[in-house]
Structures are given as C-alpha cells and as structure tokens.
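Structural description and commentary
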Amino acid sequence: MANEPSFPDSVIDEDPKKALEDLSRALEQKTDSAEWYCQRAYAHILLKNYSNAVTDAKKALEFKPNCATAFLRLGIAEYHLKNYQSSREAFEEGQKIDGSEGSFNVWIKRCEENMDLGKHEVTSEMTTQKTASQKIKYDWYQTESQVIVTIMIRNAQKDAVKVQFEDKKLNAAVKLASEDDFNLNIDLLHPVVPSQCTFKIVASKIEIKMKKAEAIRWEKLVGEAVADVKHFTPDKYPSSSLHTRNWDKLVEDIKEEEKNEKPEGDAALNKLFQQIYSDGTDEVKRAMNKSFMESGGTVLSTNWTDVGKRKVDVCPPDDAEYKKF
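Described below are features of the structure shown in this document.

Here is what the cut-offs are and how they apply
Residues numbered from 1 in each chain as written. Predicted model: local features only at pLDDT ≥ 70, side-chain atom pairs only at ≥ 80, totals over all residues. Heavy atoms only, no water. Pairing = 2+ DSSP bridges. Helix = DSSP H or I, 4+ residues; strand = E, 2+ residues; numbered from the N terminus. Axes fitted to C-alpha atoms, helices over the stretch in contact; angles between N-to-C directions. Salt bridge = Lys/Arg side-chain N within 4 Å of Asp/Glu carboxyl O. Buried < 20%, exposed > 50% of the residue type's maximum accessible area, 1.4 Å probe, protein only. Contact = heavy atoms within 4.5 Å.

With respect to the sheet that holds strand S2 (residues 146–151)
Pairing is antiparallel across the open sheet formed by 4 strands, whose spatial order is S1-S2-S7-S6. Each having just a single partner strand, strand S1 (138–142) and strand S6 (198–201) make up the two edges of the open sheet. Ignoring which end each strand starts from, the neighbouring axes of this sheet average 15° apart. Looking at chain direction, S1 and S2 are connected through 5 bridges and run antiparallel. Looking across to S2, one finds that tryptophan 140 is bridged to valine 149.

This is the structure we're talking about:
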C-alpha cells in the first residue's frame, strides 16, 4: 500500500493527458479505487472529455457513495454536457455531504439560471412554430451570370434541405423543427443551367445560386418572359430608381463588414479569454483551468506560480452576495 502512486490535483493540472494515461494504468491494477476514478474524472474534464468524466465520477461513487469531490466532478461534467437538471442534482448531493465547499452553491446557481433560460426558449419556440413556414421570407438578386435566391431560415440542417433545379423551375423544400415544413416552388422567368446551379447552407440563411443560360437581365424572378429581352449591363441591377448600384461590390462589402465586425459586451470578453487561452503557455492554461474550476467560475487567473500552490477560493463580484445554504 505504501508504494501506491498518488495523483493529486496539482499533478493532473500540470499534464492532464499524461495523468490520464497513468491513472488508467493504475486502475488496471486496482479496479476498485474510488479516489483514482474521481481523479481520472478530473483529468477528463480538463481534456473536455465530459462523457468519460461522467462515467468515472459515477464509478467513484459506486465505491465511495459519500465522496463530495466525486459529486463535484459529476456535476461539472454534466453541466458542460448541458444536462443542467442532472448537474444540479449532483451538486446538491455533494453539498449535503460537504456544506463548507463553496463551489457547490455557485454551480447550483449557474445550473438554475440555465434551466430558467431553457424554459423560456422552449415556450418561445412553441409560440413561433405554429406558423413557422408562413413567417419565412425569401429574396433574390442577380449578377451578369447568376440569379441568387436567399431563403431566410436560420440553422437549417444539411439533411433537412432538398433543392432541385430544372431549366425553368426551382424547387426547394426545408424540413423545419415543426411539422409545418417550408416549400418554395418557382416557375422561373428565364432558363438556367441546372448542372451549374448550387446551394449552400450558412447559419443565417440558405443561399441558392443559379447559372443563367444567357447573360440577360431578369426584370423579375417569376413569370413569363417578354419578347423585348434586355441584355445585362455590367455592374447594374434592374431598378425603378434613376441611380444604379454595383451589386457584386455591395455583396463583397457586406461580407468584409461582417468579417471585421467586433463583438461587444460578454461576447467580446469571452473572445478575449479564448484568445488568452489559445496563445498562452501550458502554465497559463493550467492556471486558467484550475482557478476557474476551483472557484466555481468566479476567478480566472493566468498566474500558475500563484494558483498552483493553493486552492482558489470562491470570489463573487463586488455587487453580488455569496450565501451558504
């Protein structure tokens, strides 16, 4: 027993991947060690293997049901898997065992906040899905060689979108979260080249590009063609306005503007933290992981010399009150 290896948090923080390998080898020799399963769960959390962390934390609790640390590991892993109900239950069980551990209360509050947010999103979704397809809009514009149709559906799944092209027809079907699916069937004004027509799905829309059979100007998207066909004037788009616009340039300008758009508020802060973590040394990353987890998300330090030799306490913001239950 005296020769059994030890795996404290500090060793795992220093190199979680190596610690995971060492713990796995140790557990092959001793399969009933609650402490080692608990510590391997911690290594999995640092490596973002949250499902494996859940499995190991539960295994630790099989051998040691009153292990508050195992409940903490289980709750954190479930939280990152967005299983907020299960996460809160784990934190509450751990708090019953060790009420002096302030991290439990912080994590419980975060779970409850996310659970309340989820309820609001579900209610909103049920309200909007009743007429989901009726609210969906589409628009179009053209260049010299293409007609582009944009369907305003956010976060469409690839396997839920079917688009078919014919010489003078466009058929687009999108399976929505509700049963009220969206269908767009258009008899085009002029012919297109089906083999050179494509579509792509992005976060905010579905973009359909159709290759014109002739470089002529389309006065509208749908209908019967007229005899007086006007050839396309480069950089101009049909409009009732006296002024013309370079629509290709406008599209490029919009893309460049979106690329250069800077996040604000919490989004800007999260991006800054991500950049610091990405560019940081191994010690910076270990310090950020350790301080964030031990403080229940209330402290984020990059100083490994400081946090590596102590436990980081819960430190709520100045305008928040910390309570123990």
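Description of the pattern of salt bridges
What the rule picks out here adds up to 14 salt bridges. Between lysine 169 and aspartate 187 there is a salt bridge, and its shortest N-O distance comes to 2.5 Å. Pair noted here: lysine 169 is in strand S4 (residues 169–174) and aspartate 187 is in strand S5 (residues 182–187), with a separation of 18 residues, a long-range link. With a relative accessible area of 42%, aspartate 187 lands in the partly exposed category. A salt bridge links lysine 290 to glutamate 294; its shortest N-O distance comes to 3.1 Å. Taken together, the residues lysine 290 and glutamate 294, both in helix H11 (residues 282–294) and 4 residues apart, mark about one turn of the helix. Like lysine 290, the residue glutamate 294 is buried in the burial classification. Via salt bridges that share partners, Lys18, Asp22 and Arg25 belong to a single interconnected network.

Looking at the environment of serine 301
Following the sequence through the fold, serine 301 ends up in the loop between H11 and helix H12 (304–307). Once the C-alpha coordinates of serine 301 and alanine 287 are considered, the two residues, 14 residues apart in sequence, prove to be 5.9 Å apart. Apart from residues no more than four positions distant in its own chain, serine 301 is found in contact with Val284, Ala287, Met288, Ser291 and Val307.

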